[in-house]
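# Per-entry structural report
Chain by chain, the residues run as shown.
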Amino acid sequence: MVLSRGDDFPIHQTPDPVAYAGTDRNFYDRYFFNGYAPDGGTFFAAAFGIYPHLDVADAHFCVVRAKDGASVQHCLHASRKLGMERMDLACGPIRIEVVEPLRRLRVVVDGEGVAADLTFTGRAFPIEEPRFTWRVGPRTVMDYTRLTQNGHYAGWVEVDGARETLPAASPGTRDRSWGVRPIGAADPQFAGRAVPQFFWQWTPVNLPDRSLFFHLNADAEGTPWNTRAVIVPDGAGAEGATEFHAPQMTTALGPGTRWPAASELQVGKERFRLVPLSRFQMRGLGYTSPKWGHGLDHGPLKVEREDIDLAAIDPARPDNLHVQMLCRVEGAGGEAGLGVFEQLAIGDYAPLGLRGLAGRD
């Protein structure tokens, strides 16, 4: 048995020390953040994950700035051995601090010419998304829970010595998810058995005095297997959210891509229009990245910077399919806000005419 700092907190779920996380090697525990200036001119995102059975922790931080032509995504990657210590929320130059659980968190970055000091404060109590359980044949591929929270950031970001202080009340989103997902090296007995299919949309939106959340997982024919929308007024507590269980997203795609273009979301009797302003590649945070994928073992500590030329990438390359589009969001009566439209479309998806791994009709 191995004791760690977590064992001094009343958080155990089994008789084992906190260092042990059940028996599935794909168990993970992750923080995610994104934020943007009110004019949409700067976008940043961070992720921090631990993988107890792989004994790995990794972290990523990215910035896209209009002053760079909005065409360069500056990324910082880090990975280290976890050492069975799940309460250490630092990975090389990237650190997470939980200042006030479920309300205020801090992200600190300083490495390879990329730096930041950002404090997130929630607008309302986080929402708990419905549990995601996805099986392919006998294999449980995903089984996880996510909490999501909109809020505002204070602080600054810096790239190559050019520091930018965020305008007051810069909006954004953070989430926490934990459970089972494919992580680390691919399972050779499972990978490659068939062309994969996965369709995902996620749209946390910051409106002037409320938050809007929508997500969709659907099969190849477009039948949802997990979907919901939620509207949360500012200052709401744990019981303050209104849920909608039949939301409808009418999605358009950019020319020659699987990336979302201007689209419309129907939630109850309300309709919202999402108009993309800029694009963020999720591989900068490790998602679908062949080199910096979540849980891959890079040894005791490895840190690397990557600058992605957003205008030059191939939209059909598998690791470029997963994006977040920063959008202007318009509701009825002149209501307007900002949010992201995240989408990952792998394989067939009949409602959008998608065929094969990354092709289109």
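In this report, the structure presented in the accompanying data block is examined. (Residues numbered from 1 in each chain as written. Predicted model: local features only at pLDDT ≥ 70, side-chain atom pairs only at ≥ 80, totals over all residues. Heavy atoms only, no water.)

## What to know about the overall build of the chain
Each helix and strand counted, the chain has 0 helices and 26 strands in total. Scaling as 2.2 N^0.38, a compact globule of 361 residues should have a C-alpha radius of gyration of about 21 Å, and the chain matches this with 20 Å. Considering only C-alpha atoms, the chain reaches an extent of 60 × 50 × 45 Å along its principal axes. Looking at the 361 residues of the chain, the share that counts as buried comes to 55%. Restricting to contacts in the chain with at least 6 residues of sequence separation, those with at least 24 account for 61%. Each charge sign in the chain was given a centre, from 37 positive and 44 negative side chains, and these centres are 2 Å apart. (Helix = DSSP H or I, 4+ residues; strand = E, 2+ residues; numbered from the N terminus. Rg over C-alpha atoms; globule rule 2.2 N^0.38 Å. Buried < 20%, exposed > 50% of the residue type's maximum accessible area, 1.4 Å probe, protein only. Contact = heavy atoms within 4.5 Å. Lys, Arg positive; Asp, Glu negative; His and termini not counted. Charge placed at Lys NZ, Arg CZ, Asp CG, Glu CD.)

## Here we look at the environment of Phe-199
Here Phe-199 shows up in strand β14 (residues 198-202). Given a relative accessible area of 2%, Phe-199 falls into the buried group. Taking the C-alpha atoms as reference points, Phe-199 and Pro-188, separated by 11 residues in sequence, lie 23 Å from one another. Phe-199 has contacts with Leu-216, Asn-217, Ala-218, Gln-343, Leu-344, Ala-345, Tyr-349 and Leu-352, leaving out every residue within four places of it along the chain.

## Some points on the pairing of strand β21 (residues 270-281)
Across 5 bridges, strand β20 (residues 263-267) lies against β21 in antiparallel orientation. Among the inter-strand pairings, Val-267 is bridged to a residue of β21, identified as Glu-270. Linking β20 back to β21 in an antiparallel pair, the connection comprises 2 residues, with Gly-268 at a positive phi of about 60°. Summarising the sheet, β21 and strand β23 (residues 323-330) pair through 8 bridges and their orientation is antiparallel. Residue Arg-279 lies in a different strand from β23, and its bridge partner there is Met-325. (Pairing = 2+ DSSP bridges.)

## Considerations on the environment of Ala-345
Mapped onto the elements of the fold, Ala-345 is located in strand β24 (residues 336-346). Sequence-wise, Ala-345 and Trp-200 are 145 residues apart; in three dimensions their C-alpha atoms are separated by 6.4 Å. When neighbours within four sequence positions are excluded, Ala-345 is seen to be in contact with Phe-198, Phe-199, Arg-258, Leu-321, Leu-354 and Leu-357.

## With respect to the pattern of salt bridges
This model, assessed by the stated rule, comprises 27 salt bridges. Where Asp-175 meets Arg-146, a salt bridge forms, and the shortest distance between an N and an O atom there is 3.6 Å. With Asp-175 in strand β13 (residues 170-180) and Arg-146 in strand β11 (residues 139-159), this pair connects stretches of sequence that are 29 residues apart. For Arg-305, the salt bridge goes to Asp-307, with nearest N and O atoms at 3.2 Å. On the basis of relative accessibility, which here comes to 44%, the residue Asp-307 falls in the partly exposed class. (Salt bridge = Lys/Arg side-chain N within 4 Å of Asp/Glu carboxyl O.)

## Notes on the side chain of Glu-129
Mapping Glu-129 onto the fold places it in the loop between β9 (127-128) and β10 (132-136). Relative accessible area serves as the criterion here: at 3%, Glu-129 is assigned to the buried category. Of the polar contacts made by the side chain of Glu-129, one reaches the side chain of Thr-148; its length is 2.7 Å. The residues touching Glu-129, leaving out its near neighbours within four places in the chain, are Arg-146, Thr-148, Trp-202, His-215 and Arg-228. (Polar contact = N/O pair within 3.5 Å; in protein donor to acceptor, adjacent residues only side chain to side chain.)

## Concerning the nonpolar core
Ranked by internal contacts, the top residues of the largest apolar core, which has 59 residues, are Phe-43, Leu-212, Phe-280 and Leu-285. Of all the elements, β24 adds the most residues to this core, at 6 residues. If we ignore the near neighbours within four places in the chain, the residues touching Phe-280 are Phe-43, Ala-45, Cys-62, Val-64, Gln-73, Leu-285, His-322, Val-323 and Gln-324. Residues Tyr-31, Val-63, Ile-96 and Val-159 belong to the second largest nonpolar core, which totals 28 residues. (Core = buried A, V, L, I, M, F, W, Y, C linked by side-chain atoms within 4.5 Å.)

## Let's talk about the packing of aromatic side chains
Applying the stated criterion across every chain yields a total of 12 aromatic pairs. Between Phe-32 and Trp-202, the aromatic rings sit 6.0 Å apart at their centres with planes inclined by 75°, giving edge-to-face as the arrangement. Note that Phe-32 is positioned in strand β1 (residues 27-36) and Trp-202 in strand β14, a separation of 170 residues in sequence. Each member of the pair, Phe-32 as well as Trp-202, carries the same accessibility label: buried. (Phe/Tyr/Trp six-rings, centres within 6.5 Å; stacked < 30°, edge-to-face > 60°.)

## Focus on a nonpolar patch on the surface
A cluster of nonpolar side chains, Phe-9, Ile-11 and Met-87, forms an exposed patch at the surface whose accessible area comes to about 260 Å². The partly exposed category is assigned to Met-87, whose relative accessible area is 33%. (Patch = residues over 30% accessible without salt bridge, like charges linked within 9 Å, V, L, I, M, F, W, Y side chains within 5 Å. Areas by Shrake-Rupley, 256 points an atom, 1.4 Å probe, with all protein chains shown as cover.)

## Focus on the side chain of Glu-342
Following the sequence through the fold, Glu-342 ends up in strand β24. Looking at Glu-342, its side chain comes within polar contact range of the side chain of His-322, at 2.7 Å. At 2.7 Å, the side chain of Glu-342 forms a polar contact with the side chain of Gln-324. Those residues in contact with Glu-342, other than ones at most four positions away along the chain, are Trp-200, Gln-201, Trp-202, Met-282, His-322, Val-323 and Gln-324.

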